[in-house]
Amino acid sequence: MISCCSTEEKKELRRFFSSASFDGDQKSLLWYLPIFDAADGASFIAVREGFQEHKVSPYGFQLPQSLPVPNASRVISLKDYESYTLLQRLGIAVMTPTAFLISIVFSGIHSSFYSHQQISTLMCWVLKQYYSFCNQDGSFSTALRQLPFVLIRSNKVVTPCDVLDPQQPILRQLFENEDDKFPHGDFVNDAILQPLRQLGMRSVPNAEDILHVAKTLHNFHVGVASRKSSALLEFLNTNPLLLDQMVGLYQTLAQALMEERWIQRMENRPSSYPRVMPWFSGDGQFFKPSDVLSQSKANLAGASVPLVSKPCSRALETVFGWNKSPDVDHLLEQLRSACLVSLHDMHVSETYHFQAMVKQIYEEASTNANFTMFTWKIGLDASFPAWIWHGNGFTSPSKMAFVSPCKIDLKPYLYTAPQEFHTTLRSFFQRCGVREAFSESDLLSVLTMIKDKHDTSSEFVRDVADDHNCHVTFSIG
């Protein structure tokens, strides 16, 4: 009989019943009368169908831009006050706005009922009323956290915790040219970003994000990759605790990063590094953390080892081992390079920096961990040049002492150790073969060398005056 009624006749029935009183049997009958508007706007449905009770949308509540309602033909829409009153008399609960959104509307997002543009329209509207909805229902924020509704550039929708805050400069630098890491379109709006932060949008990257940056640098143009690498180092320098977080089941972030090439080398030598010395310029833009050293190690290995591109905190250098002592082989390579460079015409400031570098190498080599291997390898290498600094060049340990018994300059036959080395390097030099003082036999040897030189060669005319002074001084003595 009801199926034969027109739309207006069904509305008249609602008006009539809305002002009437019913007993229990009458209510049961009315539950099954299809006289209520469905949310699809085209059909009428009953409160109950079999054992299922249809849900009732909030009175006067509308979605933005007349967006459709999922399963609309099975949802009662309260388009007039008489419908609302009748349902109240029948003891049927009307959904709250938040309950309607969570159970009906959001299910359409999960089931792909809505297009991405419709999702964007709907959820931006929801987020602008976010705090009001949360005040109505404490579970509302939990439902939103689990909902994939944030549009990204690749036209996908993800949950709030899957995106990063686009207003954080360091994140923009880390994920340059990776727009899928950020909200897109209408979601990039201050009024929308604030509730997204409340829902889990991240202002700080997690360990997986950081590892992703390191792993994918090779996918980008050199300029972009360089900026991303620099941002990554800067971020870890100020957030070293993140390195302790696990990535996967068995590795910390620090351990995982040790396997990736993401560190840029220091291209320009420090101002204190001697200009006459070679500077590492090997192939490759990025290096593993184990391949580089701290900038503080420039004087010890700058010629053969790349140095990290920026000064870093002690905490970060310790994690990656950048502040450790260079391998003995690198120390020897640095010393060999120093011994072979041309020292002619060096300015006073350059000589100062050069001697400071050599002294630092000696001090590093003098540690118990390095000394034995250092001297053993020099002894095995017959091609290793004279390596003991005498203030203006290098000589062998046997030609140097800390004290000379005469006041005359014995160069280039014998040398006294520079005064700056007497305190800190005395023990090291002595263990390497430098003596405390020259003996009389050393002085006699100098005279013999002078005689032999002039007896066998005519190439030393310029040295005659100096050698004559030595001879006269020894004779007077």
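Residues numbered from 1 in each chain as written. Predicted model: local features only at pLDDT ≥ 70, side-chain atom pairs only at ≥ 80, totals over all residues. Heavy atoms only, no water.

Peer 1: Give a description of the sheet that holds strand E17 (residues 435-437) that names residues and reports values.
Peer 2: Judged by pairing direction, the sheet is parallel, and its three strands sit side by side in the order E16-E15-E17 without closing on themselves. Edge positions in the sheet fall to strand E16 (415-416) and E17, since each of these pairs with one other strand and no more. (Pairing = 2+ DSSP bridges. Helix = DSSP H or I, 4+ residues; strand = E, 2+ residues; numbered from the N terminus.)

Peer 1: Describe the environment of Ser120, with residues and values.
Peer 2: Residue placement: Ser120 occurs in helix H5 (residues 116-128). Its relative accessible area of 3% is what places Ser120 among the buried residues. Sequence spacing of Ser120 and Lys181 is 61 residues, and the spatial spacing of their C-alpha atoms is 17 Å. Once residues within four sequence positions are removed from consideration, Ser120 is found in contact with Asp186 and Phe187. (Buried < 20%, exposed > 50% of the residue type's maximum accessible area, 1.4 Å probe, protein only. Contact = heavy atoms within 4.5 Å.)

Peer 1: Lay out the packing of aromatic side chains with the relevant residues and their values.
Peer 2: The full count for this structure, using the stated rule, is 31 aromatic pairs. Pairing Phe133 with Phe140 gives two aromatic rings, centres 5.2 Å apart and planes at 50 degrees, and the pair type is tilted. Geometrically, the ring pair formed by Phe320 and Trp322 is stacked, given 5.0 Å between the ring centres and 25 degrees between the ring planes. One exposure class covers both Phe320 and Trp322, and it is buried. Three or more aromatic residues link up through ring pairs in this structure, and these residues are Tyr362, Phe371, Phe374, Trp387, Phe402, Phe421, Phe428 and Phe429. Its end group placed over the ring of Phe402, Arg426 keeps NZ or CZ at 4.4 Å from the ring centre. Sitting over the ring of Phe371, Arg431 keeps its end group 3.9 Å from the ring centre. (Phe/Tyr/Trp six-rings, centres within 6.5 Å; stacked < 30°, edge-to-face > 60°. Lys NZ or Arg CZ within 6 Å of the ring centre and 35° of its normal.)

So far we have only geometry, and geometry alone does not tell us how the molecule works.
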